[in-house]
Amino acid sequence: CALPISRPGEVRFLVLRDQVRERFGINELQDAVRALAAKWSPRQIWVEGEKLGMALEDLLKKEELPIACIPTENKEKTIRAVPLTIMMAAGQVFLPQHNNSWREGFEAELLGWTGNPRQTCDQIDAAAYAAIAVKNCYGETIRVLPVHCH
């Protein structure tokens, strides 16, 4: 869960409120997205615009969930992470102080990531998509979930 905070003409901030990091099949992924939607009541749910993400979008739109794909634009994760990196360097990304069981793993991934394509960076990638989405969305809750098959 990511919450962008801004007003027109002002600096944008990103609050990374929640993170789910698990491998799901399509049925479990649908259930996880439904549960997160029930928990956070987002105006928009964003998923990675790859094969499983596009299938998830098709399935959940039928349930009238506000879901859409963020295109990867065929960019590598290191390129997609640039907006997040810039926002973090500028002090525009905030992590929760409480109710943050995911935070330690996220911070460890951030601090240990070298950009190697074989290195796990699912949480960084989800946060990077949130930073990309913040460019176009103002004052609404955004959900960005990495999509994985098993």
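Look a little higher up for the structure.
Q: Just to check I follow, could you spell out the packing of aromatic side chains for this structure?
A: Both the distance between ring centres and the angle between the ring planes are used here to describe each pair of aromatic rings. This structure, assessed with the given rule, holds two aromatic pairs. Between Phe13 and Phe94, the ring centres sit 5.7 Å apart and the planes meet at 45°, which makes this aromatic pair tilted. Placement of the pair is Phe13 in strand β2 (residues 13-16) and Phe94 in strand β5 (residues 93-94), with a sequence separation of 81 residues. With a relative accessible area of 31%, Phe13 lands in the partly exposed category. Here Phe94 falls in the partly exposed class, since its relative accessible area comes to 39%.

Q: I keep staring at unusual backbone geometry and nothing clicks. Help me out?
A: Residues apart from glycine generally show negative phi values, whereas peptide bonds are mostly found in trans. A positive phi angle, close to 50°, is found at Ser41, a residue other than glycine. With respect to the secondary-structure elements, Ser41 resides in the loop between α1 (26-40) and β3 (44-48). When its relative accessible area of 56% is taken as the criterion, Ser41 is described as exposed. Although it is not a glycine, Asn99 adopts a positive phi angle of roughly 50°. Relative to the helices and strands, Asn99 is located in the loop between β5 and α5 (103-112).

The rules we used
Residues numbered from 1 in each chain as written. Predicted model: local features only at pLDDT ≥ 70, side-chain atom pairs only at ≥ 80, totals over all residues. Heavy atoms only, no water. Phe/Tyr/Trp six-rings, centres within 6.5 Å; stacked < 30°, edge-to-face > 60°. Helix = DSSP H or I, 4+ residues; strand = E, 2+ residues; numbered from the N terminus. Buried < 20%, exposed > 50% of the residue type's maximum accessible area, 1.4 Å probe, protein only.

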